[in-house]
Amino acid sequence: MRKPLVVALCALALAGAGVTPAVATAPTPTGADTAAGAGAGSGSATVLDVVDVVDGVAGTAADTLSGLTGPKAAAVNFAGTVSLSNCSGSVVRLPHSADDDPALVLTNGHCLESGFPAAGEVLVDRASSRSFGLLNPAGSRVATLRANRLVYATMTDTDAAVYRLGTTYAQIRSAYGIDALTLSATRPAAGAAISVVSGYWKRIYTCSVDGFAHRLKEGNWTWKDSVRYTPACDTIGGTSGSPVVDDATGKVVAVNNTGNEDGARCTVNNPCEVDANGVVTVRQGINYAQQTYPFTACFGTGSRLDLGASGCTLPKP
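Overview of the structure. Fair warning: this is a prediction, and the values are worked out from it, not measured in the lab.

### Looking at the overall build of the protein
Thinking step 1. The secondary structure content of the protein amounts to three helices and 17 strands.
Thinking step 2. Sequence-distant contacts, at least 24 apart, represent 71% of the contacts inside the protein between residues at least 6 apart.
Thinking step 3. Only carbon and sulfur atoms are counted for the fraction: they give 55% of the accessible area of the protein, which is about 11,700 Å².

In structure tokens:
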């Protein structure tokens, strides 16, 4: 999570560096500290619908300044990803989705236009008219999609938000030749090659799953079984909500959400790992994502959320 991206753009233009972390009071979990690594983290901001006007220019400038544009995995491109006013996201379908189901968009809970959900808060079935810029394989914006409902959002146990659109998967394919990304129904494996695809910056980061954090604490929030990247995925502000794609299958296995910027312990923009014994590990410069396979058990026909479905483990209101 990051400062608003208007501030981020100024910081990039002036310094060619990562976004300055926000200031927050953090909890103090018990256990021993372990420091590891160095670098800059990931996350996003809470600017509302103003940045889409300049995101293409800003992305090009950021690429030039930071030199972070990496090689793209052969099977992974921008098709089906979206740009939000403050974050990245993707049009996603469940393994059992029908073509005539309303399409869903996945991003982070902390990317909500209403601001960060509180710890323990779960939002379901809220009216929304949020817009999304649909990208083609080359990363060009080809359409504006619009939500009619915020289906689900939370920053408890995971950091995710799912919107439902007023158009179906078949209508998007017919109009723009673009298919939705499919959520994997299985947990990602350590060592798997992955791509983090940012619709906001039109950039793809490639690396591997380094492992998993039993608990990831950031400020007032705690996330379970988070994906830890190897250092090559040095994601930045605006990449929040990006789909994490398994290069071997082309399916989405996680949603990018944060990273430790400056080595602080469990504060906003500086998450820490807490193992099953309460031992705290700080990994400066390492970035994280939240697994998405739990969502596949929580949606039925018509892209309808069913938190009472067998196997659905998502937090409930």
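Alright, that's what it looks like, and here's the rest.
### Details of empty space enclosed by the protein
Thinking step 1. Applying the stated criterion to the full structure yields one cavity of 30 Å³ or more.
Thinking step 2. By volume, the largest cavity amounts to about 50 Å³.
Thinking step 3. Its residues assigned to classes, the lining of the largest cavity shows eight nonpolar, no polar and no charged.

### As for the state of the cysteines
When the sulfur atoms of two cysteines share a covalent bond, that bond is a disulfide.
Thinking step 1. Under the criterion given, the structure shown has four disulfides.
Thinking step 2. Cys207 shares a disulfide with Cys233; S-S distance 2.1 Å. Here the disulfide of Cys207 and Cys233 is left-handed, its torsion about the S-S bond being about -100°. Of this pair, Cys207 sits in strand E11 (residues 203-218) while Cys233 sits in the loop between strand E12 (221-229) and strand E13 (243-246), and the two are 26 residues apart along the sequence. With respect to class, Cys207 is no different from Cys233; both count as buried.
Thinking step 3. Cys298 shares a disulfide with Cys312; S-S distance 2.0 Å. The chirality of the disulfide connecting Cys298 with Cys312 is right-handed, given an S-S dihedral of about 105°. Remark: Cys312 occurs in the segment after strand E17 (287-291) and Cys298 occurs in the segment after E17; sequence separation between them is 14 residues.

### Overview of the pattern of salt bridges
Thinking step 1. Enumeration according to the criterion identifies 10 salt bridges in this entry.
Thinking step 2. Among the salt bridges present, the one from Arg93 reaches Asp99, with a minimum N-O distance of 3.2 Å.
Thinking step 3. Where Asp99 meets Arg173, a salt bridge forms, and the shortest distance between an N and an O atom there is 3.5 Å. With Asp99 in the loop between strand E3 (88-93) and strand E4 (102-107) and Arg173 in helix H3 (residues 169-176), this residue pair connects regions lying 74 residues apart in the sequence.

### Topic: the environment of Leu307
Thinking step 1. Along the chain, Leu307 turns up in the segment after E17.
Thinking step 2. With residues near it in sequence (within four places) discarded, Leu307 still touches Val124, Tyr152, Cys312, Leu314, Pro315, Lys316 and Pro317.

### Thoughts on the layout of surface pockets
Thinking step 1. Of the voids in this model, the largest pocket is the one considered here, and its volume is about 230 Å³.
Thinking step 2. The wall of the largest pocket is formed by Asp157, Thr158, Lys224, Asp225, Gln290, Gln291, Tyr293, Pro294, Thr313, Leu314 and Pro315.

### A closer look at the packing of aromatic side chains
Thinking step 1. Here the structure, examined in full by the defined rule, presents four aromatic pairs.
Thinking step 2. Here the aromatic rings of Tyr152 and Phe295 are separated by 6.0 Å at their centres, their planes lie at 85°, and the arrangement is edge-to-face. Residue Tyr152 is located in strand E7 (residues 141-154), and its partner Phe295 is located in the segment after E17; the two are separated by 143 residues in the primary sequence.
Thinking step 3. Judged by its relative accessible area of 0%, Tyr152 is buried.
Thinking step 4. Over the face of the ring belonging to Tyr169 we find Arg93, whose NZ or CZ atom lies 4.8 Å from the ring centre.

### Quick look at the environment of Arg93
Thinking step 1. As for its position among the elements, Arg93 is in strand E3.
Thinking step 2. For Arg93, a relative accessible area of 13% puts it in the buried group.
Thinking step 3. Put simply, Arg93 and Asp179 are 86 residues apart on the chain and 9.3 Å apart in space, counted from C-alpha to C-alpha.
Thinking step 4. The contact partners of Arg93, leaving out residues within four places of it in the chain, are Ala98, Asp99, Tyr169, Arg173, Ala180, Leu181, Thr182 and Leu183.
Thinking step 5. At 3.2 Å, the side chain of Arg93 forms a polar contact with the side chain of Asp99.

### Quick word on the nonpolar core
Thinking step 1. Core analysis: the biggest nonpolar cluster contains 49 residues, and Val91, Phe132, Leu134, Tyr163, Leu165, Phe295 and Phe299 have the highest contact counts within it.
Thinking step 2. Counting only elements with at least two residues in this core, the list comes to E3, E4, strand E5 (122-127), strand E6 (131-135), E7, strand E8 (160-168), H3 and strand E14 (252-259).
Thinking step 3. By residue number, the principal contributor to this core is E7, which donates seven residues.
Thinking step 4. Residues within four places of Val91 in sequence aside, it is in contact with Gly80, Val82, Ala103, Leu104, Val105, Leu134, Leu145, Tyr169, Ile172, Ala180 and Leu181.
Thinking step 5. Membership of the second largest hydrophobic core comes to 16 residues, among which are Ala192, Tyr229, Val253 and Ala254.

### Let's talk about the environment of Leu106
Thinking step 1. Looking at where Leu106 falls in the secondary structure, it is placed in strand E4.
Thinking step 2. Counting along the chain gives 149 residues from Leu106 to Val255, while the straight-line C-alpha distance between them is 8.0 Å.
Thinking step 3. Sequence-distant contacts of Leu106, that is, excluding residues within four places in its chain, are made with Gly89, Ser90, Val92, Ala160, Ala161, Val162, Leu183, Gly241, Val255 and Thr292.

### Thoughts on the side chain of Gln291
Thinking step 1. As for its position among the elements, Gln291 is in strand E17.
Thinking step 2. Polar side-chain contacts of Gln291 include one of 2.7 Å to the backbone oxygen of Asp225.
Thinking step 3. Non-local contacts of Gln291, meaning those with residues more than four positions away in its chain, are made with Thr158, Arg187, Pro188, Phe212, Asp225, Val227, Val253 and Ala254.

Thresholds, definitions, all that
- Residues numbered from 1 in each chain as written.
- Predicted model: local features only at pLDDT ≥ 70, side-chain atom pairs only at ≥ 80, totals over all residues.
- Heavy atoms only, no water.
- Helix = DSSP H or I, 4+ residues; strand = E, 2+ residues; numbered from the N terminus.
- Contact = heavy atoms within 4.5 Å.
- Areas by Shrake-Rupley, 256 points an atom, 1.4 Å probe, with all protein chains shown as cover.
- 1 Å grid on protein atoms, 1.4 Å probe; cavity = no way out; pocket = protein on both sides within 12 Å on 5 of 7 lines; lining within 4 Å.
- Points joined across faces, edges and corners; volume = space filled by probe spheres on them.
- Nonpolar A, V, L, I, M, F, W, Y, C, P; charged D, E, K, R; others polar.
- Disulfide = S-S within 2.5 Å.
- Buried < 20%, exposed > 50% of the residue type's maximum accessible area, 1.4 Å probe, protein only.
- Salt bridge = Lys/Arg side-chain N within 4 Å of Asp/Glu carboxyl O.
- Phe/Tyr/Trp six-rings, centres within 6.5 Å; stacked < 30°, edge-to-face > 60°.
- Lys NZ or Arg CZ within 6 Å of the ring centre and 35° of its normal.
- Polar contact = N/O pair within 3.5 Å; in protein donor to acceptor, adjacent residues only side chain to side chain.
- Core = buried A, V, L, I, M, F, W, Y, C linked by side-chain atoms within 4.5 Å.

Nothing here speaks to function; it is geometry throughout.
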